[in-house]
Amino acid sequence: MVQYTVTLVTSHPPQSGTFSTPLITLIGTGGTSKEFKLDIPLQNLRPGSSAVFHLSVSSPLGRLVLVRLHTESRLGFPELAWHCREVQVEPPGGPAQHFPCRKWISSVGSVELWEGAARTVCGETLELLKQHRNLELQSKQETYRWRTISEGLPHCVDMTSLEQLGPDFRYTRSGPAFNAHYLRGFAERCESWKSFEEIETLFIFNCPPGGAATAEYVRSHWQLDSFFGYQFLNGCNPYVIRQCKTPPPNLAVTPEMVQPFLPACTSLPQEMERGTIFLADYEILEGVPANCVNGRPQHLAAPLCLLYRNQQGELLPIAIQLKQTPGPDNPVFLPSDSEADWLLAKIWVRNSDFHCHQLVSHYLKTHMLGEAYCVATLRHLPGAHPLHKLLMPHLQTTLQINIQARTSMLAKGGVFDKSISCGLDGVTVLIHRAMQRLRYSALCLPEDLRERGIDSLDNNYFARDGLRVWGAIHRFVEGLLQFFYPSDSAVQQDSELQSWITDLFHHAFLGLQQTGVPQSFQKRAELVQFVTMVIFSCSAQHAAVNFSQLDFDLWMPNCPASLRQPPPSSKGSRTLPDLLHHLPEVNSTCSVLLTLAMLSQPSSDYIPLGFYRDPPFIEETPRNLISEFQAELRNLGSEIDDRNAALELPYRYLRPDLIENSVSI
């Protein structure tokens, strides 16, 4: 008889343990053991415990390659799923082999665990393991099928409930929730705010003292042109503005019109040549159907906003046109107009920005594409694949949060249906248009910033921090993939990898050639770029566009989710109190803020970028690379803190320790 020592390690979270009895089978190159029922007294599977068992096998099994595991309920005790962290097996003569699990185990079916080393299909020498890879992917492809929600939108997982998702992809966010006490109770108040003082009262009760410095800053500065411009760079949607070298033909602005807002010694053509003129164009919203809220029609605009960057580095709006087609009923609003006219024009721009932020920069580019990256990874990269190990910590939570979003916020009766200008029909139209306009370069931060001409602006803190985070991720990914893919040919020959990117091209990017998204990988550098983009999108970009939104939107007039009057077709007939009849009604204001408050709360147990609950790799080189990545991120965080200490309004959303590792809210 040959003895094997088996250690079952239970995960630490308090609900990881089970009363059930584990059953295990060892599979090696020289044979398969019988199934062992591990019911030795006092060896309980408690949270954080390690239970040791000694198994006698009739003959050596060779090198162990798989461990099969399931449980059996214990008589008189409830059956609870068991979350196994790993199985350690010490064969005769050692050393111990590690079989990572990190899954829920029950009596329904069994799981087969790989030995911990990562390897591509090209590095798989045993026919048994090649077959196991294929069987795993066949099972995953049956479980995680693609679904088309609407033509022209990225495909999602074919599941409509968390029960279908299964326990390995469900999670519970923990931590102090936003105190919504002072946002509830307004559901029946379907009327305009009576005054800005009323809105301020709501703001004060929902802005914790000392805990919302940015929100307070927004409330006191929202009418300033300099802060309006600042938000294009460092607000919750820094993805719209671009440098403007030639005036758009549909923007009815003449050099004479904006001359008063430029230095006396220069002109609009000269400033365009110098690179100090910028444009925010919301053409994508042209013709998007508007919603009805409280039984009354809402309105959308598709504005163009021209901005000038002065010698102090301030980005100042100098002209706003609210519709795309010039005409007598589409005036160009200027800073010299009445206070009410100019403020209303800026409010319209902010409303347009709300829609592009929520549905394009946020939901499409981080949530929807993140889900597609996750589904394709499950379908085409087995658990032993190095990219599966690298990517899943950044992708795993997207399935639950997106299923929840589709059955709540984006469903009939949800906040988009009841309280937001575009409504559910507009959501579909806008995302469809965004997909048609999407380019791969826009998903890769360095290229995106460079193409928009905003990569070197001193006060673009989103760009400065984002480029540093992108660079750190890129160096980490490059080192890791050099280890697993020593040459370009190794990339080309990985059939699982090539199936992964092909599936993504067709299901995430809908086979649209114009996106420029790769359909295959011929060079390792291409793979490094794409994987960097995936990790950045599902961590840093999501942090920048999600966790900033309540700060900038809690003062509702700064970023209204709906507007109740059409875009103005003339000037000079409005007063500041009139603006209250344009802004959202009381109940819809509170409904939107409740949603934003929920979305903006980080979990107290979130995993920051670069860190893991369980290390994904056992190899020395990848583990060293992870340590170097973590050290670089810590240094960056310290530098951001030093920079922020000197700023009137600190930018903290891309401080690495505040970047959640994945999209989970």
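Treat the numbers as computed from the prediction; the structure is a model and nothing was measured. (Residues numbered from 1 in each chain as written. Predicted model: local features only at pLDDT ≥ 70, side-chain atom pairs only at ≥ 80, totals over all residues. Heavy atoms only, no water.)

Counted under the stated rule, the structure contains 33 salt bridges. Glutamate 200 serves as the salt-bridge partner of arginine 219, at 2.6 Å between the closest nitrogen and oxygen. Within this pair, whereas arginine 219 is found in helix 4 (residues 213–221), its partner glutamate 200 is found in helix 3 (residues 196–205), the two being separated by 19 residues in sequence. For arginine 219, a relative accessible area of 23% puts it in the partly exposed group. Linked through salt bridges whose partners overlap, the residues forming this network are Arg119, Glu124, Arg133 and Glu496. (Salt bridge = Lys/Arg side-chain N within 4 Å of Asp/Glu carboxyl O. Helix = DSSP H or I, 4+ residues; strand = E, 2+ residues; numbered from the N terminus. Buried < 20%, exposed > 50% of the residue type's maximum accessible area, 1.4 Å probe, protein only.)

Our next topic: the environment of alanine 645. Examined against the element boundaries, alanine 645 turns out to sit in the segment after helix 21 (620–644). Residues alanine 645 and isoleucine 204, spaced 441 residues apart in sequence, show a C-alpha to C-alpha distance of 25 Å.

Attention shifts here to helix 20 (residues 586–599). Helical periodicity: at 3.6 residues per turn, an α-helix aligns residues three or four positions apart in one direction. The end-to-end C-alpha distance of helix 20 is 20 Å, a good match for the 20 Å that 14 residues give at a rise of 1.5 Å each. Counting buried positions along helix 20 yields 11 of 14 residues, so the element is predominantly enclosed. For helix 20, every residue scored as buried is listed here: Val586, Asn587, Ser588, Thr589, Cys590, Val592, Leu593, Thr595, Leu596, Ala597 and Leu599. Buried residues in helix 20 make contact with helix 3, strand 14 (292–293), helix 8 (339–380), helix 11 (415–419), helix 18 (524–546) and helix 19 (549–553). (Expected span 1.5 Å × (residues − 1). Contact = heavy atoms within 4.5 Å.)

So, about the sheet that holds strand 5 (residues 50–57). Strands sit in the order 5-1-7-8 across an open sheet of four strands; the sheet is antiparallel. The sheet terminates laterally at strand 5 and strand 8 (97–105), the two strands that pair on one side only. Ignoring which end each strand starts from, the neighbouring axes of this sheet average 25 degrees apart. Alignment of strand 1 (residues 2–10) against strand 5, held across eight bridges, turns out to be antiparallel. Within the sheet, the bridge partner assigned to threonine 5 lies in strand 5 and is histidine 54. (Pairing = 2+ DSSP bridges. Axes fitted to C-alpha atoms, helices over the stretch in contact; angles between N-to-C directions.)

A few words now on helix 1 (residues 127–143). The end-to-end C-alpha distance of helix 1 is 24 Å, a good match for the 24 Å that 17 residues give at a rise of 1.5 Å each. Every buried residue of helix 1 is listed here: Leu129, His132, Arg133, Glu136, Leu137 and Lys140. Buried positions in helix 1, seen along its axis, are confined to an arc of 130 degrees and lie on one side of it. The outward face of helix 1, more than 90 degrees from its buried face, is lined by the exposed residues Leu135, Gln138 and Glu142. Packed against the buried residues of helix 1 are strand 6 (64–72), strand 9 (111–114), helix 8, helix 9 (386–395) and helix 17 (495–507). (Arc of directions from axis to C-beta.)

Mapped onto the elements of the fold, glutamine 321 is located in strand 17 (residues 315–321). Taking relative accessible area as the criterion, glutamine 321 reaches 0% and is therefore assigned buried. In terms of polar contacts, glutamine 321 uses its side chain to reach the backbone carbonyl oxygen of asparagine 250, at 2.8 Å. Ignoring sequence-local partners within four residues, the contact set of glutamine 321 consists of Asn250, Leu251, Ala252, Pro303, Leu304, Pro326, Asn330, Pro331 and Val332. (Polar contact = N/O pair within 3.5 Å; in protein donor to acceptor, adjacent residues only side chain to side chain.)

Time to look at the packing of helix 8 against helix 12 (residues 423–437). Packing of helix 8 against helix 12 leaves a shortest axis separation of 10 Å and a crossing angle of 65 degrees. Between helix 8 and helix 12 lies a crossing of right-handed hand. Counting all contacts with helix 8, which are made through His355, Leu359, Val360, Tyr363, Leu364 and Met368, the residues of helix 12 involved are Val427, Leu430, Ile431, Ala434 and Met435. Residues belonging to the contact of helix 8 with helix 12 are distributed by class as follows: 10 nonpolar, one polar and no charged. (Left-handed = near helix turned anticlockwise from the far one by under 90°. Nonpolar A, V, L, I, M, F, W, Y, C, P; charged D, E, K, R; others polar.)

Counting buried positions along strand 16 (residues 304–309) yields six of six residues, so the element is predominantly enclosed. Of the two faces of strand 16, both are covered, the one formed by Leu304, Leu306 and Tyr308 as well as the one formed by Cys305, Leu307 and Arg309. As paired elements, strand 13 (residues 277–281) and strand 16 share five bridges and run antiparallel to each other. Pairing of phenylalanine 278 across the sheet is with leucine 307, part of strand 16. Here strand 16 pairs with strand 17 via six bridges, running antiparallel. Each bridged residue has a counterpart across the sheet, and for arginine 309 the counterpart in strand 17 is leucine 315. Between strand 16 and strand 17, which follow one another and run antiparallel, lie five residues, and glycine 313 among them has a positive phi close to 85 degrees.

Working note: regular strand, side chains alternate between the two faces of the sheet. Of all the nine residues making up strand 6, seven are buried; the element is thus mostly covered by neighbouring parts of the structure. The pairing of strand 2 (residues 21–28) with strand 6 spans eight bridges and is classified as antiparallel. Its bridge partner being in strand 6, isoleucine 24 is matched across the sheet by leucine 69. As judged from the four bridges shared by strand 6 and strand 9, these two strands associate in the antiparallel manner. Following the sheet pairing, arginine 68 is matched in strand 9 by glutamate 112.

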